[in-house]
Amino acid sequence: MHINFNDLFLNMQEQLEQQQAVPDENILIELVKRIRPDDSNNSDESNKKFQALIQALLLSPNAAINFQGYVLKLINHYKQINLYADSGILSLDGFWNQLGQRLGAHFLPLLKDESSLGYLVKTVFNYKTDVDWLDQIDEKRWIQLFQLLSLGHDFQQEKLAIKRELVKAITVLSYRISGIGLYPEFINAQPDLTEYESPFLVQNREIIEFIESYKKFHQNNDSVHVTAPANADQALVMIEQCRDVVLKVRRAIKRIGVSLSLTYLLSLLEQCLDRIELLLNVVTESHQIRYSSLATLLKDVVDAHYSETSVRELLRTNSELIALQVTENASKTGEHYVSTDKHGFLDMYIASAGAGVIIAIMATFKILASRLILAPLMQAFLYSMNYAFGFMLIHVLHFTVATKQPAMTAAALASTVQHRKGSKTAQIAELAALIINIIRTQFIAILGNISIAIPTAALITYLWQALTYEPLLTHTKASALLYSLNPFTSLAIFHAAIAGVCLFLSGLIAGYFDNMAVYRKVGPRLKAHPQLKRLMQQPKLDKFADYIELNLGALAGNFLFGIMLGSMGTLGFILGLPLDIRHIAFASANFIQGLMSINDSPDLGLIIVSFLGVILIGLTNLFVSFTLTIIVALRARGVRFEQWKPLAKLVLTHFVTRPTDFFWPPKQPLKIEDDNPS
């Protein structure tokens, strides 16, 4: 690919000949414009255009020297430290301040500091996609370019001036790392830092010694020496030890929990460690490592132009640890929601049947509460408390609501994907077996809820009519209730999807409170609570505290899920939107209550359509909550699983050949083999 750069090289030469003039950045802007590919995702085009620049530098006389001098002179015209030490690195302001600043900058853009080197980078690489094509250029081409730009012994003063700025940036980053390592929240997560000499402090001492050695060399030697002989090996060793501490904290998070501020500190610390190592390599390392580090630094600062003002990037950087911890708690619970044998299968039915009784009672309470003439908010409060305390009672009695499982089992599935080992065929077969076990467990849980909720609701409706001599529902209300289950003429499926979103959110809420219970040491604090000690004996208080610590997430998730279900209809009424919820367990109870309260014998078509609506509501509840949860769980673990097609094929093939495995546990543990390993 031939691109003409001769005019630009001549312009650079003219700029250098004008000793006092400030170099014109438009030359560099034009050069980048010529090598920028039409398609930023086209790796071949990016590399060919970049290679064309290298060829032009090789073939044109003095082009490399002129380009080198022009770039060095241009860089030295700007303030550099902020670009090296701050660009692409989170601020010490903290998460919430950063979020507020970034949101504010979208409405009222920040002022541009035209004296900063960052301004030059933003001006030259002014396309959002620039970092994409820069990242696709082969490392060997970057090394070749920087080799050409380092030829000869010209412009030594300019090179040393840039190195002095790099050293200043290293000093800033070193002190910043020391400061972060002394944050109380960081020390609480790793108490060993107070018992032994902290590597965060030691690295600062090593960096200072290196910088003193570096400065002494240049003070005592002629300026023609470009490469500083000062050794940064010991400083790099201490930086690696700092990384080990960060890794220990990340591992400890499963045990101690995590907060937004700790997550932010970990992300900030990792960015500072990466950058200081990069700058040390640029200043001290051998040519190849130095040139590779220069390429990485350029890509980092170009990317930072957009990422450092992006709200999405801030949320992505800080949400991964918290999402992982939330779904980690959910996945541990989810393992108990997957039965693999007949004993677990029957236990799940019993637990679901117990929940069916309570659900039928809750459905009846809601019908009775709807008779009261109340303000919308009071009605929403009554509905919410009915659902919330009902779901909490189900949990306390160790019963199971079928639709609560997907938020847990999806996280367990994602955990299996993350830790998969062996060949791809074996991994897919293992996942297929887990999915079949999940489907079977979901089936029996739904069957347990419905098979008991329907007869219990029927019995309550019959006893109400026998004892009070009036139907539980008027004919009009019964007709409206059955109409709301019709999947063809009502918004039942849409409302079931809303319930699925609420189920998904309740799973995240449960994980969040489980994490908080560990991180905030809720159990030990309850045991030491002075007022509770006066009310309860210590053994009972200990038992209560342990129960709350282990079950806080489930109780909070169930309580808030009940509030979501109870207030959604009222929220829709206030906003004038068609918002409501349809949940399979309540829909099944309402189905029989509506049929028993309607005048005359119900039409067979009405029975079939309403029951079909109940089934579709259940499938929608499960599908929406399961899909949303597994997406979050996989992203939290950084998993990109591309084998969904063969996995789906394997599950469908098993359904055709052995459909009973989806509804009844096999005699032997389920093992699936792929007939077409590829």
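Let us look at the structure shown here. (Residues numbered from 1 in each chain as written. Predicted model: local features only at pLDDT ≥ 70, side-chain atom pairs only at ≥ 80, totals over all residues. Heavy atoms only, no water.)

1. A few points about the overall build of the protein
Rules: Comment: elements are numbered from the N terminus, with helices defined as DSSP H or I runs of at least four residues and strands as E runs of at least two. Burial status follows relative accessibility: with a 1.4 Å probe on protein chains alone, a residue under 20% of its type maximum counts as buried, one over 50% as exposed, and anything between as partly exposed. A 1.4 Å probe and the Shrake-Rupley method give the accessible areas. Residues count as covered only by the protein chains that appear here.
Scanning the protein from terminus to terminus reveals 29 helices and zero strands. Relative to its full complement of 678 residues, the protein shows a buried share of 50%. Approximately 33,800 Å² of the protein is accessible, and the part contributed by carbon and sulfur atoms is 60%.

2. A closer look at the side chain of asparagine 449
Here is the rule: Counting of polar contacts relies on pairs of N or O atoms within 3.5 Å, with two restrictions inside protein: one atom must be capable of donating a hydrogen and the other of accepting it, and residues adjacent in sequence are counted only when both atoms are side-chain atoms.
By the secondary structure assignment, asparagine 449 is in helix H21 (residues 424-468). For asparagine 449, the side chain forms a polar contact with the main-chain oxygen of serine 352, separated by 2.7 Å.

3. Some words on a nonpolar patch on the surface
This is how it is decided: The patches described consist of residues with a relative accessible area above 30% and no salt bridge, like charges being joined within 9 Å and nonpolar side chains (Val, Leu, Ile, Met, Phe, Trp, Tyr) within 5 Å. Counted as salt bridges are all cases of a side-chain nitrogen of Lys or Arg within 4 Å of a carboxyl oxygen of Asp or Glu.
Together, Leu346, Phe443, Leu447, Phe655, Val656, Phe663 and Trp664 give the surface a local cluster of nonpolar side chains, amounting to about 650 Å² of exposed area. Counting only elements with at least two residues in the nonpolar patch, the list comes to H21 and helix H29 (644-657). Along the chain, the position of leucine 447 falls in helix H21. For leucine 447, a relative accessible area of 38% gives the class partly exposed.

4. Observations regarding the nonpolar core
In plain terms, the rule: Each nonpolar core is a collection of buried residues, namely Ala, Val, Leu, Ile, Met, Phe, Trp, Tyr and Cys, held together in the definition by side-chain atoms within 4.5 Å.
In this structure, Phe5, Tyr84, Phe186 and Leu280 are the most contacted members of the largest nonpolar core, which totals 96 residues. Ranked by residues supplied to this core, first place goes to helix H15 (residues 260-284) with 14 residues. Counting 51 residues, the second largest nonpolar core, distinct from the first, contains Ala355, Ala402, Ala585 and Phe591.

5. Quick word on the packing of aromatic side chains
Operational definition: Put simply, two rings from Phe, Tyr or Trp (the six-membered ring, in Trp's case) pair if the centres are within 6.5 Å, and we call them stacked under 30 degrees between planes, edge-to-face over 60, tilted for the rest.
Evaluated as defined, the whole model comprises 14 aromatic pairs. An angle of 80° between the planes, with centres 5.5 Å apart, marks the rings of phenylalanine 186 and phenylalanine 200 as edge-to-face. In this pair, phenylalanine 186 sits in helix H11 (residues 184-189) while phenylalanine 200 sits in helix H13 (residues 199-220), placing the two residues 14 residues apart along the sequence. Accessibility classification places phenylalanine 186 together with phenylalanine 200 in one group, the buried group. When the ring of tyrosine 387 is compared with that of phenylalanine 391, the centres are 6.5 Å apart and the planes differ by 20°; the resulting orientation is stacked. Taken as a pair, tyrosine 387 and phenylalanine 391 lie in helix H19 (residues 376-396) at a separation of four residues, close to a single helical turn.

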